[in-house]
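Now for the letters of each chain:
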Amino acid sequence: MKAGTVFDEMWADGSSIRRPYKNIKTWLDGEERNSLKAKRRDANDLFRLTGITFNVYGSEEGEERLIPFDIVPRVITSNEWTKICKGLEQRVRAINAFLYDIYHDQEIVKAGVLPLEMLKNNPAFLLQMMGVNPPGQIYTHISGVDIIRTAENEFYVLEDNVRTPSGVSYMLENRETMLQMFPELFTKNRVQPIQNYPQELLYSLKHTLPETAENKPTVCLLTPGLYNSAYFEHAFLADQMGIELVQGNDLKVVDGFLAMRTTQGHRKVDVVYKRLDDEFLDPLNFNEKSSLGVPGLFDVYRKGRVTIANAPGTGIADDKAMYSFMPEIVQFYSGEFPLLQNVPTWRCAIKDQLNYVLDNIHKLVIKQVHGSGGYGMMIGPTATKKDIANFRRKLIATPQDYIAQPTLSLSTVPIFTNKGFAPRHVDLRPFVQMSPEKINIVPGGLTRVAMSKGSLVVNSSQGGGTKDTWVLEN
Amino acid sequence: MLGNTANGLFWTYRLLERAENMSRLIETGQRIALTRLNSSDKQWLYVMQTAAVSAEYKKYYKKVEKETALDWMLKHPKNNSSILSSITSARQNAKMVRHALTTDVWEAINGSFLDIQNLLKGKIRERDLSIILRTIKQSAALVRGATYGTMLRNEEYDFCRLGTFIERADNTARILDVKYYVLLPSAKAVGTSIDNVQWETILRSDRLRGFRREYGQRGPGDIAKFLF
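Please read these numbers as outputs of a predicted model, since none were measured by experiment.

Colleague: Teacher, can you tell me more about the overall build of chain B here?
Modeller: Of regular secondary structure, chain B possesses eleven helices and zero strands. Along chain B, helices (α) and strands (β) appear in the sequence α-α-α-α-α-α-α-α-α-α-α when read from the amino end. Evaluated residue by residue, chain B yields a buried proportion of 51% over its 228 residues. Sequence separation of 24 or more characterises 61% of the internal contacts of chain B that already satisfy a separation of 6 or more.

Colleague: So what exactly am I meant to see when it comes to the interface of chain A and chain B here?
Modeller: How big an interface is tends to be stated in terms of the accessible area lost upon association of its parts. Listed by partner, the interface residues are 22 residues for chain A and 19 residues for chain B. Summing the contributions of chain A and of chain B, the shared interface buries around 1800 Å²; its carbon and sulfur component is 48%. By the criterion of area lost to chain B, the three top residues of chain A are L49, L226 and T263 of chain A, representing 29% of everything that side buries. If you look at where chain A meets chain B, you find zero salt bridges. The interface formed by chain A and chain B includes 14 residue pairs in polar contact (both at pLDDT 80 or more). Elements with a contribution of two residues or more to the side of chain A that touches chain B: α2 (33-50), α8 (231-241), β7 (244-246) and β9 (257-262) of chain A. Across the side of chain A that touches chain B, the residue classes tally to ten nonpolar, six polar and six charged.

Colleague: What is the right way to read the domain arrangement of chain A from this model?
Modeller: All names here are of chain A. What the domain assignment lists for chain A is domain 1 (19-342 + 408-471) and domain 2 (346-406). Taken over C-alpha atoms, the centre of domain 1 sits 27 Å from the centre of domain 2. Of all residues in domain 1, K320, L408 and Q462 give up the largest surface area on contact with domain 2, accounting jointly for 36% of the area buried on that side. On inspection of domain 1 and its partner domain 2, the count reaches zero salt bridges. At the junction of domain 1 with domain 2, the criterion picks out three residue pairs in polar contact (both at pLDDT 80 or more). When residues in the side of domain 1 that touches domain 2 are grouped by element, the largest group, three residues, is from helix α11 (residues 320-323). In terms of residue class, the side of domain 1 that touches domain 2 is built from eight nonpolar, five polar and three charged.

Colleague: Any chance you could explain the environment of D427 of chain A here in plain terms?
Modeller: Residue and element names in this part refer to chain A. By secondary structure assignment, the location of D427 is in strand β19 (residues 420-429). Overall, the relative accessible area of 1% leaves D427 in the buried class. Through-space distance from the C-alpha of D427 to that of G144 is 12 Å; in sequence the pair is 283 residues apart. Leaving out residues up to four positions away in the same chain, D427 has contacts with R74, D146, I147, I148, L410, L446, T447, R448 and V458.

Colleague: What is the right way to look at the sheet that holds β9 of chain A in this model?
Modeller: Each strand in a sheet pairs with its neighbour through backbone hydrogen bonds, running either in the same direction (parallel) or in the opposite one (antiparallel). Residue and element names in this part refer to chain A. Spatially, β8-β9-β10 is the arrangement adopted by the three strands of the open sheet, whose pairing is antiparallel. Here the strands that pair on one side only, and so sit at the sheet edges, are β8 (251-254) and β10 (265-268). Geometrically, the sheet is characterised by an average inter-axis angle of 45 degrees between neighbouring strands, direction not taken into account.

Colleague: Explanation requested: the packing of aromatic side chains in the structure shown.
Modeller: Each aromatic ring pair is characterised by the separation of its centres together with the angle its planes make. As enumerated under the stated definition, the model contains 20 aromatic pairs over all chains in all. Relative to W11 of chain B, the ring of F10 of chain B has its centre 5.5 Å away and its plane inclined at 90 degrees; by these criteria the two rings are edge-to-face. Pairwise contacts between aromatic rings join Y57, Y60, Y61 and W72 of chain B into one cluster. Geometry around F257 of chain A places R305 of chain A over its ring, the cationic atom sitting 4.8 Å from the centre. Across from the ring centre of F391 of chain A, 4.6 Å away, lies the NZ or CZ of K394 of chain A, which sits over that ring.

Colleague: Looking at this structure, I do not really get the environment of T28 of chain B. What am I missing?
Modeller: As for its position among the elements, T28 of chain B is in helix α1 (residues 3-35). C-alpha of T28 of chain B to C-alpha of V47 of chain B: the two residues are 19 residues apart in sequence and 8.3 Å apart in space.

Colleague: Sorry if this is basic, but what is going on with helix α5 (residues 168-181) of chain A here?
Modeller: Because an α-helix completes one turn every 3.6 residues, residues spaced three or four positions apart along the sequence face the same direction. Residues and elements named next belong to chain A. For α5, with 14 residues, the first-to-last C-alpha span of 20 Å sits near the 20 Å given by 1.5 Å per residue. The buried fraction of α5 amounts to eleven of the 14 residues, a majority that puts the element mostly inside the structure. All of the buried residues in α5 are V168, S169, Y170, M171, L172, E173, N174, R175, T177, M178 and M181.

Colleague: Which parts of the structure should I look at to understand the pattern of salt bridges?
Modeller: Side-chain pairs of opposite charge can arise whenever the charged atoms involved come near each other. All names here are of chain A. Following the criterion strictly, the structure yields 32 salt bridges over all chains and no others. With a shortest N-O distance of 3.3 Å, R448 and D146 are connected by a salt bridge. Remark: D146 occurs in strand β4 (residues 142-151) and R448 occurs in strand β22 (residues 446-449); sequence separation between them is 302 residues. A relative accessible area of 11% means that R448 is categorised as buried.

Colleague: Before we go on, may I ask you to explain the sheet that holds strand β15 (residues 364-368) of chain A in this structure?
Modeller: Residue and element names in this part refer to chain A. Read across the open sheet, the four strands follow the order β14-β17-β15-β16; overall the sheet is antiparallel. Because the sheet does not close on itself, it has two edges, and the strands there are β14 (346-347) and β16 (378-379). As paired elements, β14 and strand β17 (residues 402-406) share two bridges and run antiparallel to each other. The residue of β17 that forms the bridge with R347 is I403.

Colleague: Quick question: what am I supposed to make of the side chain of D282 of chain A here?
Modeller: All names here are of chain A. Among the structural elements, D282 can be located in the loop between β11 (271-274) and α9 (297-302). It is R302 that comes nearest to the buried, bridge-free D282 among opposite-charge side chains, at 7.1 Å. Excluding residues that lie within four positions of it along the chain, D282 makes contacts with N287, V294, P295, G296, L297, F298 and D299.

Colleague: Would you take a moment to explain the nonpolar core for this structure?
Modeller: Generally speaking, nonpolar side chains in soluble globular proteins are found buried as a group. All names here are of chain A. Core analysis: the biggest nonpolar cluster contains 58 residues, and M171 and Y197 have the highest contact counts within it. For this core, the element with the highest residue contribution is α8, accounting for seven residues. The residues contacting Y197, other than those within four sequence positions of it, are I142, V168, M171, L172, L237, F431, Q433 and V442.

Colleague: Sorry, what's going on with the packing of α1 of chain B against helix α2 (residues 42-50) of chain B here?
Modeller: The relative placement of two packed helices comes down to the angle between their axes together with the axis-to-axis distance. Residue and element names in this part refer to chain B. Interaxial distance between α1 and α2 falls to 10 Å at its minimum, and their mutual angle equals 160 degrees. With respect to each other, α1 and α2 are oriented roughly antiparallel. Pair α1 / α2 crosses with right-handed handedness. Contacts between α1 and α2 pair L25, I26, G29, Q30, I32 and A33 from the former with Q43, W44, V47 and T50 from the latter. Grouping the constituent residues of the contact of α1 with α2 by class yields six nonpolar, four polar and no charged.

Colleague: Help me understand the pairing of β4 of chain A, please; the structure alone is not making it clear to me.
Modeller: Side-chain positions along a regular strand alternate between the two faces of the sheet. All names here are of chain A. The buried fraction of β4 is high, at nine of ten residues. Note that β4 and strand β20 (residues 431-434) share three bridges and pair antiparallel. What sits directly across from G144, in β20, is F431. Alignment of β4 against strand β5 (residues 154-161), held across seven bridges, turns out to be antiparallel. Of the residues in β5, the one forming a bridge with I148 is Y156.

Colleague: Help me understand the packing of helix α13 (residues 351-359) of chain A against helix α14 (residues 385-397) of chain A in this model?
Modeller: Residue and element names in this part refer to chain A. Direction vectors running N to C along α13 and α14 enclose 170 degrees, while the axes themselves pass 11 Å from each other. Between α13 and α14, the angle falls in the class roughly antiparallel. Of the residues in α14, those touching α13 at L354, V357 and L358 are R392, L395 and I396. Classifying every residue of the contact of α13 with α14 by side-chain character gives five nonpolar, no polar and one charged.

What counts, and at which threshold
- Residues numbered from 1 in each chain as written.
- Chains lettered and ligands numbered in written order.
- Predicted model: local features only at pLDDT ≥ 70, side-chain atom pairs only at ≥ 80, totals over all residues.
- Heavy atoms only, no water.
- Helix = DSSP H or I, 4+ residues; strand = E, 2+ residues; numbered from the N terminus.
- Buried < 20%, exposed > 50% of the residue type's maximum accessible area, 1.4 Å probe, protein only.
- Contact = heavy atoms within 4.5 Å.
- Buried area = accessible area lost by both parts, 1.4 Å probe.
- Salt bridge = Lys/Arg side-chain N within 4 Å of Asp/Glu carboxyl O.
- Polar contact = N/O pair within 3.5 Å; in protein donor to acceptor, adjacent residues only side chain to side chain.
- Nonpolar A, V, L, I, M, F, W, Y, C, P; charged D, E, K, R; others polar.
- Domains from an automatic or database assignment.
- Pairing = 2+ DSSP bridges.
- Axes fitted to C-alpha atoms, helices over the stretch in contact; angles between N-to-C directions.
- Phe/Tyr/Trp six-rings, centres within 6.5 Å; stacked < 30°, edge-to-face > 60°.
- Lys NZ or Arg CZ within 6 Å of the ring centre and 35° of its normal.
- Expected span 1.5 Å × (residues − 1).
- Lys, Arg positive; Asp, Glu negative; His and termini not counted.
- Core = buried A, V, L, I, M, F, W, Y, C linked by side-chain atoms within 4.5 Å.
- Parallel < 35°, antiparallel > 145°, perpendicular 65-115°, else oblique.
- Left-handed = near helix turned anticlockwise from the far one by under 90°.

In structure tokens form, the structure reads like this:
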């Protein structure tokens, strides 16, 4: 642990334990290493039994891997959380308003705040969505806003995920596992419960209905299928919410409405919680090669006869170049200063900024504008000369495809390793649910942790793990 | 329920029954091989014929030997009806219709799959057979118990049972088919002690105790009636 340069959430400056972690420290001190090792094995067995495995794209048999789970919880105080929530609500409302605006009158462009180039020729901007009015005017039913911490009171938004944010099943299963393995922890610590997430999501979806919905609305979850890396989560959520898990071929447009093919005939569907990319949603309106979607689904949507969550076209708010405009976006739609800060970002599309980036490339994190999963990025301070030369070439060739950010030192939380406890970098993904009625944020979210010493890459697709996240009651 | 869900449930249970049935056939085969003085590796051909996997076997092996026959029926990757293939497909199907199953049933199926997959890793020695077969039977019982104990008696349940019973009927019919047209040395042997011993051994693979209670110590005609 490098004292003074990295904020450790348990030890702060290294001299004494921070209050939120005091009980945890006492607990850990009282446990024998072998017993903790055994518990870690138990946790892995539980995850395998429940089937929380992860298919890695590109690996030979699509082997099933476990996402590493660490037994030391990550703790957030109630006060810290209240502040974070205020910022999240402000941000998500602004993003939703932004989406409505750019797919209607584009006031933000007319006001000169957002250059039109950001929308033109951007593959994430769906022309098909122009003028479409989603039920309840909600685009971002579920958002995953990634947050990092660099000091006691310094939080930054790293990324907005408003297409198909995932990870909530790990959040829920991690808590379940901790409850089963260490029940004593929950009598000594008053942790805000999270188990209601699925019920609350269902409530949220059932209150964002198309006008054509009747008394008992039908909600379903559309999955690309078994070989998708997040399939477990799709099945898990459908199960927990008590809704049908469907694939494209289970749905059909019948008499101008969307219907499911059931053993009792066609049944009208009012809400589709989609977990596939917009591109594959409807071969008649988007990518014609897609066999994952439903022909004509988007026409039904356009007519206001079905809710799709999240709405098609939200990807425009998801990309890393748009991220750099978020402070302006929040300000424009809320009329307030953003409560949650953005990480300073250089847009390589702009010549001056590109020059700065090229001059300082070894200090910066370079990210692809349309990337995800931690792929296609370079972390200057730890990159090889070869990587840096590579990226330099890419930046010069297609600067508009990249942004750069300073290398922030994410906070650390201890993990349990074979040699004892050691600090590792973490981030946080809270999940924000939105309906016309209200915004609901489940306490905590998913804490992702880089399992390798010194690594800043927390993505599960690259070996990252997760922790149970606690928001303490007052 | 979705049509595809009905299909998935049907096949999950059908494939589980298939795996269990194969394990009982292997058990029977082993018993005949161990308890009859003049038995030979040829017995294993009859077992494979009963399971309808002998034709495929012959594509890969010239001779019928105990080792290769066992490997074929237990886990050979080219045998779609091997125990490992059946239980892997069953679990795959269950994964697809997981939301239609209770947690108990899913965990029974998944847990069984993980255990059996583990037991079938590497070379199987004959002495390992006992624990493997027992694990498979116990797993089947666990799934059956979880199904009986936690599933609602609705359409989903009906499709599960349908899968189980169609496979069972199919397998029983095969046993009868093979028994009379293959196993017996000649038509004159019908009704003799050889016939009875063979039947008894086959019944062991199925439900002997049930039979004894129902019919007592009787002949093949009753056995046939029982099986039907």
